[in-house]
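Topology and contacts: notes
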Amino acid sequence: MNRIMLFSILFRYFGRRYLIWFGISLAVLMTVISLIQSIELMRRLSGREVQTTDFSVTSMALLNIPAVIELCLPFALQAGSMLCFDYWNRTNEFVVSRGFGRSIWSVLNPVICCACLIGAFYVTVINPVGSVTAQQYEAKMNAAFGSQQQKLSISADGIWLRDSQQDSALIIHGETLDIESATIHQPMIYVFNNDKVLDRRIRAASISLTDKGWLLEDVSTWNTLGERIDDAAMLMPTELRSLDLERSSAPPSTIAFFALPAFIAVLDRAGLPSVDHRIHFHRTAAIPLLLIGIAMIAARFTLTNMTRGRRARLFTRGVVIAVSIFMFSHFMMVLGATMRLPAYVAGWAPAFIVALAGAVMLARMDEA
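This section reports on the structure supplied with the text. (Residues numbered from 1 in each chain as written. Predicted model: local features only at pLDDT ≥ 70, side-chain atom pairs only at ≥ 80, totals over all residues. Heavy atoms only, no water.)

1. Let's talk about the overall build of the chain
- Helix and strand counts for the chain come out as eleven helices and ten strands.
- Expressed as a percentage of the 368 residues in the chain, the buried residues total 43%.
- Excluding contacts between residues fewer than 6 apart, the proportion of contacts in the chain whose partners are at least 24 apart in sequence is 60%. (Helix = DSSP H or I, 4+ residues; strand = E, 2+ residues; numbered from the N terminus. Buried < 20%, exposed > 50% of the residue type's maximum accessible area, 1.4 Å probe, protein only. Contact = heavy atoms within 4.5 Å.)

Here's what the structure looks like:
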């Protein structure tokens, strides 16, 4: 009973210490990154002739906090792990715990559990909240700096496309989209005049985006009086290009993790590329495993006897580990985006390899 109570006390103590160091590291990195982004945003605003009244740098920084957390979460966990383990070295807490005959795995159980819980909390709470704030952030940035808004939207009943012309506006609803030929099959086009009043309704067998404009085939047009006019083909001017259609789907960061599978299915049904969304889904799902691996690697390179140059070695090791993991993850993403690797391999491989490397290193350290 005493050993069980001792294990419980040590588990809570080490877990609490670890979370404190992680929280400090995360807060410092978030503050630095948010400050840099805010300064850059203020610089961009100062260069604009027309100032936007409904735009606050502070509110934009708050909306971007979930994205900043996603960016610096692995680095914060690594920095917090190495600082925490260095503190255990200096206070001999790790040595005393090993002196009671406990294996390195039992000592690091609180660390592994905390890293897994941090990753699970991000996936289940921060990511869904961040998808909402990312939509608001993008909308405000587009309104403030005049960026082109996404014209293509995806829903369960098909695809919806907006197109503006000099004297009218189009809303196109279709079942599927062929990206290679920029063709929407079985479209229904609603044409509005400058007063945003429905002018006519057009149904066609297909509508293709060409260099000269929208090319409609097997066209049937109904005016406001209900009169029908049939044409073999029709050409409507537009400023859109085929590349706009390919890049107009919602970014993965604006979609919650639990909503991604259904959205990917809709993309596949509509004929739109979904590889970026698939990679993002698997990367997000693998975050708990990645954080566990980072914690184990940090333990292997920090829980050693360092005398001279302790701080310099600790900083150097941290930088090397962070850069290596980041470069490898980015390399796997590039391979996945170019379809040289399946999306699940590109998303899970960095986390799996980092966790496997950390486990092997700790196992060899425990045998020594």
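From this point, things continue past the structure.
2. Observations regarding helix H3 (residues 65-91)
- Cys-72 marks the point of greatest bend in H3, at about 55°, and the proline Pro-74 comes within the next four residues.
- Two residues or fewer past H3, Asn-92 is found with a positive phi of approximately 60°. (Bend = angle between axes of the 7 residues up to and from the residue.)

3. Brief notes about the nonpolar core
- Residues Tyr-18, Leu-77, Phe-85, Trp-88 and Leu-108 are the most contacted members of the largest nonpolar core, which totals 51 residues.
- Every element with two or more residues in this core is listed here: helix H1 (2-46), H3, helix H5 (104-145), helix H9 (287-302), helix H10 (310-337) and helix H11 (343-367).
- Leave out the neighbours within four places in its chain, and Leu-108 touches Phe-85, Trp-88, Ala-299, Leu-303 and Leu-362.
- Of all hydrophobic cores here, the second largest spans 19 residues; its members include Ile-159, Leu-170, Val-191 and Trp-214. (Core = buried A, V, L, I, M, F, W, Y, C linked by side-chain atoms within 4.5 Å.)

4. Description of the layout of surface pockets
- Its volume calculated, the largest pocket comes out at about 1200 Å³.
- Lining the largest pocket we find 46 residues, and of these Glu-70, Leu-71, His-280, Arg-283 and Met-333 sit closest to its centre.
- Contributions of two or more residues to the lining of the largest pocket are made by H3, H5, helix H8 (275-285), H9, H10 and H11.
- Across the lining of the largest pocket, the residue classes break down as 28 nonpolar, 14 polar and four charged.
- Taken as a whole, the second largest pocket holds about 310 Å³ of empty space.
- Lining the second largest pocket are 15 residues, with Gln-78, Ala-79, Phe-315, Gly-318 and Val-319 sitting closest to its centre.
- When residues of the lining of the second largest pocket are traced back to their parent elements, those giving at least two are H1, H3 and H10.
- Residue contributions to the lining of the second largest pocket peak at seven residues, all from H3.
- For the lining of the second largest pocket, a count of residues per class yields twelve nonpolar, two polar and one charged. (1 Å grid on protein atoms, 1.4 Å probe; cavity = no way out; pocket = protein on both sides within 12 Å on 5 of 7 lines; lining within 4 Å. Points joined across faces, edges and corners; volume = space filled by probe spheres on them. Nonpolar A, V, L, I, M, F, W, Y, C, P; charged D, E, K, R; others polar.)

5. A short note on the pairing of strand S10 (residues 228-236)
- Summarising the sheet, strand S9 (residues 213-223) and S10 pair through eight bridges and their orientation is antiparallel. Within S10, the position partnered with Ser-220 by the bridge is Asp-230.
- In this structure, the hairpin formed by S9 and S10 is closed by a connection of four residues, where Gly-226 is found at a positive phi of approximately 85°. (Pairing = 2+ DSSP bridges.)

6. Some details on the packing of aromatic side chains
- Under the defined criterion, the tally for this structure stands at eight aromatic pairs.
- Where Phe-257 meets Phe-258, the ring centres are 5.3 Å apart and the plane angle is 75°; that geometry is what we call edge-to-face.
- Residue classification places Phe-257 among the buried positions, given a relative accessible area of 10%.
- Under the relative-accessibility criterion, Phe-258 is labelled exposed at 56%.
- An aromatic cluster is present here, built from Tyr-13, Phe-14, Tyr-18, Phe-85 and Trp-88 joined pairwise through their rings.
- A cation sits over an aromatic face here: Arg-201 above Trp-222, 4.6 Å from the ring centre.
- Of note, Arg-300 hangs over the ring of Phe-301, and the distance from its end group to the ring centre comes to 6.0 Å. (Phe/Tyr/Trp six-rings, centres within 6.5 Å; stacked < 30°, edge-to-face > 60°. Lys NZ or Arg CZ within 6 Å of the ring centre and 35° of its normal.)

7. Points about a nonpolar patch on the surface
- Where nonpolar side chains cluster on the molecular surface, the patch consists of Phe-75, Phe-315, Val-319, Val-323, Phe-326 and Met-327 and spans about 580 Å² of accessible area.
- A per-element tally of the nonpolar patch places H10 first, with five residues.
- Topologically, Phe-315 is positioned in helix H10. (Patch = residues over 30% accessible without salt bridge, like charges linked within 9 Å, V, L, I, M, F, W, Y side chains within 5 Å. Areas by Shrake-Rupley, 256 points an atom, 1.4 Å probe, with all protein chains shown as cover. Salt bridge = Lys/Arg side-chain N within 4 Å of Asp/Glu carboxyl O.)

8. A word on the pattern of salt bridges
- Scanning the model with the defined rule gives four salt bridges in all.
- One salt bridge in this structure joins Arg-43 and Glu-40, with 2.6 Å as the shortest N-O distance. Here the residue Arg-43 and the residue Glu-40 both occupy positions in helix H1, the gap between them amounting to three residues, near one helical turn.
- We classify Glu-40 as partly exposed; its relative accessible area is 35%.
- Its salt-bridge partner being Arg-90, residue Asp-86 comes within 3.2 Å of it at the nearest N-O pair. Of this pair, Asp-86 and Arg-90 both sit in helix H3, four residues apart, which is roughly one turn of the helix.
- We classify Arg-90 as partly exposed; its relative accessible area is 40%.

9. Points about unusual backbone geometry
- Even without being glycine, Asp-218 reaches a positive phi, approximately 55°.
- Looking at the element boundaries, Asp-218 is found in strand S9.
- Phi at Met-339 is positive, roughly 65°, even though this residue is not glycine.
- Checked against the element boundaries, Met-339 lands in the loop between H10 and H11.
- Classification of Met-339 by relative accessible area gives exposed; the value is 64%.

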